[in-house]
Amino acid sequence: VARGTLRTGLHKLTAEGLVVQIPYTGWEIATLTDGDLWEIWTLRGSLESLAARIVADRKDPLVLAKIKSGFDALVQACNSGKASLADRLDFELHQMIVTGTGHQRLIQQYAVIAQQIRLYIVTTNERVCNNVLELISEHRPIIEAILAGDAKEAAYAAWLHNESLSREAMMADEENKLKAASLKT
């Protein structure tokens, strides 16, 4: 790969929030701070809550079938213990819900932060989920509300999903910092 091509790719990854450029040194993979988690959670939660509300309200049978299929695939990955596959399918399920709205501006705004959401999902799942099976119970209320056409409950479940995982991830990170500090003393 040519240097210019590599630099262009790294600049794109930087713009997406996945890579950080260290002046006069190089590049490194971005890590999410508690502040980053909070910002992504609140933005993601708002967008996904709106998306869940719209999809549940629209009741488009093709969209609902696709979402159900996506959830079934997530359940299967979780039951087989494949964490990296479950992370990918988790992200894809949320994308299906957003795309299923048909709301072009919502879809475009979600795409702007999609890679940060992907990193967020991997980070929170790693910090919070002791067992990949927990992802099933985290997503089930959202999917059930959407499939039932309960727009208000779907929006609430989507927000609650983001809020609970983010709070738990931030608390887990704080606990790890305290443990590390106590080991140093």
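Note that this is a predicted model, so its numbers are computed, not measured. (Residues numbered from 1 in each chain as written. Predicted model: local features only at pLDDT ≥ 70, side-chain atom pairs only at ≥ 80, totals over all residues. Heavy atoms only, no water.)

Chemist: What should I look at first to understand the overall build of the chain in this one?
Modeler: Within the chain, the secondary structure is distributed over 8 helices and 2 strands. Within the chain, buried positions represent 41% of all 185 residues. Of the roughly 10600 Å² of accessible surface on the chain, a fraction of 56% belongs to carbon and sulfur atoms. (Helix = DSSP H or I, 4+ residues; strand = E, 2+ residues; numbered from the N terminus. Buried < 20%, exposed > 50% of the residue type's maximum accessible area, 1.4 Å probe, protein only. Areas by Shrake-Rupley, 256 points an atom, 1.4 Å probe, with all protein chains shown as cover.)

Chemist: What exactly am I supposed to notice about the pairing of strand E2 (residues 26-29) here?
Modeler: The two faces of the sheet receive side chains in turn, since in a regular strand these alternate between them. Here strand E1 (residues 19-22) runs beside E2; their pairing, made up of 4 bridges, is antiparallel. The residue bridging Ile 22 from the neighbouring strand is Gly 26, located in E2. Taking the residues that link successive antiparallel strands as the turn, the E1-E2 hairpin has 3 residues, and the phi of Tyr 24 there is positive, at about 60°. (Pairing = 2+ DSSP bridges.)

Chemist: Can you walk me through the pattern of salt bridges in this structure?
Modeler: Pairing of side chains with opposite charge becomes possible as their charged atoms draw close. Tallied over the full model, the rule gives 4 salt bridges. The salt bridge partner of Glu 48 is Arg 44, with a shortest N-O separation of 2.8 Å. Taken together, the residues span about one helical turn, with Glu 48 and Arg 44 both in helix H2 (residues 34-58) at a distance of 4 residues. We note that Glu 48, like Arg 44, is buried. With a closest N to O distance of 3.0 Å, Lys 68 and Asp 72 form a salt bridge. (Salt bridge = Lys/Arg side-chain N within 4 Å of Asp/Glu carboxyl O.)

Chemist: Just checking my understanding: could you explain the environment of Val 112 for this structure?
Modeler: Note on placement: Val 112 falls in helix H5 (residues 104-112). Its relative accessible area of 55% is what places Val 112 among the exposed residues. Spatially, the C-alpha atoms of Val 112 and Ala 15 are 9.6 Å apart, while their sequence positions differ by 97 residues.

Chemist: Help me understand helix H7 (residues 134-148), please; the structure alone is not making it clear to me.
Modeler: Because an α-helix packs 3.6 residues into every turn, residues spaced three or four apart end up facing the same way. Helix length check: H7, at 15 residues, gives a terminal C-alpha distance of 22 Å against a target of 21 Å (1.5 Å per residue), a fit within 8%. At Arg 140, H7 shows its largest kink, close to 35°, and the proline Pro 141 lies no more than four residues downstream. For H7, the complete set of buried residues consists of Leu 135, Ile 136, Glu 138, His 139, Ile 142, Ile 143, Ala 145 and Ile 146. Gly 149 lies just past H7 and shows a positive phi near 75°. (Expected span 1.5 Å × (residues − 1). Bend = angle between axes of the 7 residues up to and from the residue.)

Chemist: Is there a simple way to explain the packing of H2 against H5 in this structure?
Modeler: For the pair H2 and H5, the least separation of the axes is 11 Å and the interaxial angle reads 150°. Of the two elements, H2 crosses H5, and the hand of that crossing is left-handed. In contact with Arg 44, Leu 47, Glu 48, Leu 50, Ala 51 and Ile 54 of H2, H5 contributes Leu 106, Gln 109 and Tyr 110. Grouping the amino acids of the contact of H2 with H5 by side-chain chemistry returns 6 nonpolar, 1 polar and 2 charged. (Axes fitted to C-alpha atoms, helices over the stretch in contact; angles between N-to-C directions. Left-handed = near helix turned anticlockwise from the far one by under 90°. Contact = heavy atoms within 4.5 Å. Nonpolar A, V, L, I, M, F, W, Y, C, P; charged D, E, K, R; others polar.)

Chemist: Honestly, the nonpolar core in this entry has me stumped. Any pointers?
Modeler: Nonpolar side chains in soluble globular proteins tend to be buried together. Among the nonpolar cores identified, the biggest contains 43 residues, and Ile 67, Ile 97 and Ile 146 are the most heavily contacted of them. Elements with a contribution of two residues or more to this core: H2, helix H3 (61-79), helix H4 (83-99), H5, helix H6 (114-128), H7 and helix H8 (151-184). It is H2 that provides the largest number of residues to this core, a total of 9 residues. Setting aside residues no more than four positions away along its own chain, Ile 97 makes contact with Ala 51, Ala 52, Val 55, Ile 67, Ile 142, Ile 143 and Ile 146. (Core = buried A, V, L, I, M, F, W, Y, C linked by side-chain atoms within 4.5 Å.)

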